[in-house]
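Spelled out from the first residue to the last, the chains are:
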Amino acid sequence: MSLLHRAALTLLLVALPLSGCSDTLIDPFDNDGRYFTVYGFLDLLETEHTLRVVPVTRFSEEILSPDEGRGAIDAKVYTTDLTSEERTEWTHHYTQLEDGSWGHLFKARFLVRPGRTYRLEVVRSDGKMATAETEIPYFNENTLIEKGPIVFEQDSTYIYQDVTIPEISSPWDVTLIYQWSAYPTNRRMFIPYGRPGYRESDGGWTMRINLSEDQVAVKDHVRDSFARGIPPDATTYELVAMGVQVRVLDENWDPPGGIFDPEVLAQPGVMSNVENGYGFFGSIGLYAEEWNIAEWSEAFGHPF
């Protein structure tokens, strides 16, 4: 499981407590029409997807050993692409989780299409089900980013640029891309930024790119490449392009005000899109944009 997936799953676990599933007084036939707690997401960049399912019963959801008699679950899981109507059945796995407890995971392999809506169904043997839908983020344009001026401060030792992405109100993970060239080779490197910035009043997202700090990483990447003979006999290079890559959460997964505050998200009902159940089923898309910055290469401290 990648760091992004682990972080996203942690978000779901923090933001979406099992709203009553740990209450030992809940009866499976008197539970306000809620049958399962589910949490998981579809990822545009992955072909295998994972969903955790917890039945809403009178028993605690915490299973501390594999022999507690709960290796089976009365549930089948399906997703349907509402555009193609292709329906996929997920496979059940009784799995030890990272915290040492045991849980019911369902997995499926399929390609996720941007812009399409997927319907989740978690079905009990008596036909009762919990459902949810997610639309994979999609962008028609490939030039969304509004770039502010490149600013040199502190005797040019601090260089930054503010950028705004009007159509992305809830980025989950941001990566900066830099491309440098040493004839005849072009190489890209990626710098993780996490989730910097803030939401604008009109719903877009603004963040600051620390250009001066990034160039240290670029130079280290060039130095390491040259040491390994990539490209052969290279002695100089220039910075030619940069860009921003954003992992984008679907609209339903957008926290209040764009802020992932555990104290706010832990309140029941703040974030849940599951009908006849608890939890959340979301999706993560991708947006990337690059632009030429060869004219700034020397000003950023590179040879050409």
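Residues numbered from 1 in each chain as written. Predicted model: local features only at pLDDT ≥ 70, side-chain atom pairs only at ≥ 80, totals over all residues. Heavy atoms only, no water.

(A) How the structure looks around the overall build of the chain. For the chain, the count of helices and strands is three helices and 16 strands. For the chain, with 304 residues in total, the buried portion stands at 45%. Long-range contacts, defined here as pairs at least 24 residues apart, represent 67% of the contacts in the chain between residues at least 6 apart. Accessible surface computed for the chain: about 15400 Å², of which carbon and sulfur atoms make up 48%. (Helix = DSSP H or I, 4+ residues; strand = E, 2+ residues; numbered from the N terminus. Buried < 20%, exposed > 50% of the residue type's maximum accessible area, 1.4 Å probe, protein only. Contact = heavy atoms within 4.5 Å. Areas by Shrake-Rupley, 256 points an atom, 1.4 Å probe, with all protein chains shown as cover.)

(B) Local environment of the environment of A288. On the secondary structure map, A288 appears in strand β16 (residues 277-292). Considered as a pair, A288 and T175 are 113 residues apart in the sequence and their alpha carbons are 9.2 Å apart.

(C) View of the side chain of D214. Here D214 shows up in helix α2 (residues 211-227). Comment: no salt bridge for buried D214; closest opposite-charge side chain is R208, at 12 Å. (Lys, Arg positive; Asp, Glu negative; His and termini not counted. Salt bridge = Lys/Arg side-chain N within 4 Å of Asp/Glu carboxyl O.)

(D) Main features of the sheet that holds strand β4 (residues 87-89). Within the open sheet, the four strands sit side by side as β4-β3-β7-β8. Their pairing is antiparallel. Either end of the sheet is taken by a strand with one partner, and the two such strands are β4 and β8 (129-135). Averaged over all pairs of adjacent strands, the angle between strand axes in this sheet comes to 20 degrees, irrespective of strand direction. (Pairing = 2+ DSSP bridges. Axes fitted to C-alpha atoms, helices over the stretch in contact; angles between N-to-C directions.)

(E) Here's a closer look at the packing of aromatic side chains. Counting across every chain of the model gives 13 aromatic pairs. With a centroid separation of 5.6 Å and an interplanar angle of 40 degrees, the aromatic rings of F41 and W253 are classed as tilted. Within this pair, whereas F41 is found in strand β1 (residues 36-43), its partner W253 is found in the loop between β15 (238-249) and α3 (262-265), the two being separated by 212 residues in sequence. Of the residues examined, F41 reaches a relative accessible area of 8% and is grouped as buried. Using a relative accessible area of 1% as the deciding quantity, one classes W253 as buried. Residues F152 and W296 carry aromatic rings whose centres are separated by 5.9 Å and whose planes lie at 25 degrees to one another, so their mutual orientation is stacked. Remark: W296 occurs in the segment after β16 and F152 occurs in strand β9 (residues 146-153); sequence separation between them is 144 residues. Given the relative accessible area of 32%, F152 is considered partly exposed. Three or more aromatic residues joined by ring pairs form one cluster here, namely F41, W253 and F280. (Phe/Tyr/Trp six-rings, centres within 6.5 Å; stacked < 30°, edge-to-face > 60°.)

(F) The nonpolar core, seen in detail. In this structure, L176, Y178, M207, I209, L211, M242 and V244 are the most contacted members of the largest nonpolar core, which totals 32 residues. Of all elements in the fold, only β10 (158-165), β11 (171-182), β12 (185-194), β14 (205-210), α2, β15 and β16 reach the threshold of two or more residues within this core. Here M207 is in contact with Q161, D162, V163, V174, L176, Y193, P196 and G197, once residues within four sequence places are set aside. Membership of the second largest hydrophobic core comes to 22 residues, among which are V53, F110, V122 and I136. (Core = buried A, V, L, I, M, F, W, Y, C linked by side-chain atoms within 4.5 Å.)

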